[in-house]
Amino acid sequence: FFEQGAGNLKDQLIFGSVSKPEILEAFGIKKTPSYVIIRHGQPSLLWNQQEQEKQVDQAKNEEMKVSKGMQFTIWVAEQATRLVEALTQENYLSKLGAGVPALILFADDSAGSAAAVKSIYKAATEFKGRINFCTVNGARYQTLAVKLGVTPHLLPAVAIVDIKNQSQFVMPSTTAITEESVVELCSNFMHGKLKPTLRSAKEPEYEEGPVYTVVADSFNRRVMDPSKDVVVNFRTTWCGFCNLFGPIFHALAASAADVETLTFFEFDVTHNDPEPHLNITSFPSLVLFPAKNKTAIHYTGERNIASLTKFLEEHVSVKPEVGPEGNLISKREANRIKAIVDSVKSSLLTGEQL
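My aim in this report is to walk through the structure given alongside it, one point at a time.

Let us look at the overall build of the chain. From N to C terminus, the chain includes 14 helices and 14 strands. Its C-alpha radius of gyration of 31 Å places the chain more than 25% over the 20 Å reference for a compact globule of 354 residues. If one aligns the C-alpha atoms of the chain with their principal axes, the spans along those axes are about 120 × 50 × 35 Å. Going through the 354 residues of the chain one by one, you find that 38% of them count as buried.

Structure representation (structure tokens):
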């Protein structure tokens, strides 16, 4: 049955035999033949046929006639799975996109990285099947590191990626990568105690408006201001539709520039991560955050100024006035226009020259 298992798994594992007493003693082998899986980063495992037969469904044994060789093959295949694998283009989807979160260790050729690799095996054993564990050359794959919010020149670094929930969690660079810290990170993640890591660009020092730039680090401070209705255009630099919508959004902001309680922002998703709960999945995405309650309202109508103006008129908390040209104006401006109109009417009625 050993030869059968070796034949079945020859492309995945290395099979061999030893007989030297000193090697048998090193692995605690007291009788032969014995079959042992030597596993990197975790204890070796001894084949126990009786225990294995208990774990195999009896009905399946009777119906499918599972042979001893097949039982051995199944046992080896299940138990010899690598706890930690190098992330490659070939296994990227299976490790990150299979609905199971993944912990990625970004490493380089330093001794610190070698020690960090050893440190993640304890967590890999404890969270096997619930979190995939991978390593990747952080210096070579800087794009992936930056995308997840990892600083490429601060290696080694650890990040948990949860593609299913569109979020990532980077271990602070000030935290030493040890067995204990990695286990704690994984445990906190599984219990929902971690706050997602959001990439953020630097905020411009000065902008004239009427459209301003908001980044991930300033999002809560600027967008969630309860005194203002805030409109955010989530866009990317590579999106053609975003580039087409940009001038319309700026024209909308210019038309409502007089409304002091209404602010317009652009959020570049290329270099910033939106909060996962906002569910920003397509671009451009226009979202209104009304004053007071700040419950996000996603715009799904036509992308023209008239439709957008009507949307804002209906959903903002601090209601503006509508000007003569259909644009949103402040009550002060509305009163000024009304005063001018009343003055003109009065002059016409009295025959006074304007």
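Structure shown, so let's carry the discussion forward.
Considering all chains together, one arrives at 1 cavity of 30 Å³ or more under this definition. Quantified by volume, the largest cavity comes out at close to 40 Å³. Taken together, L198, A216, F219, F267, D273, P274 and E275 form the lining of the largest cavity. Residues that form the lining of the largest cavity fall into these classes: 5 nonpolar, no polar and 2 charged.

Moving on: the pairing of strand β9 (residues 229–235). Counting buried positions over the 7 residues of β9 gives 7, a clear majority of the element. Burial along β9 is two-sided: D229, V231, N233 and R235 and V230, V232 and F234, pointing in opposite directions, are all buried. Relative to strand β10 (residues 262–268), β9 is paired through 7 bridges, and the arrangement is parallel. Along β10, the bridge assignment pairs R235 with D268. Handedness of the crossover joining β9 and β10 through helix α12 (residues 240–255): right-handed. For β9 and strand β11 (residues 285–289), the ladder comprises 5 bridges, and the chain directions are antiparallel. Within the sheet, the bridge partner assigned to N233 lies in β11 and is L286.

Conventions used here
- Residues numbered from 1 in each chain as written.
- Predicted model: local features only at pLDDT ≥ 70, side-chain atom pairs only at ≥ 80, totals over all residues.
- Heavy atoms only, no water.
- Helix = DSSP H or I, 4+ residues; strand = E, 2+ residues; numbered from the N terminus.
- Rg over C-alpha atoms; globule rule 2.2 N^0.38 Å.
- Buried < 20%, exposed > 50% of the residue type's maximum accessible area, 1.4 Å probe, protein only.
- 1 Å grid on protein atoms, 1.4 Å probe; cavity = no way out; pocket = protein on both sides within 12 Å on 5 of 7 lines; lining within 4 Å.
- Points joined across faces, edges and corners; volume = space filled by probe spheres on them.
- Nonpolar A, V, L, I, M, F, W, Y, C, P; charged D, E, K, R; others polar.
- Pairing = 2+ DSSP bridges.
- Right-handed = clockwise from strand over helix to strand, strands pointing away.

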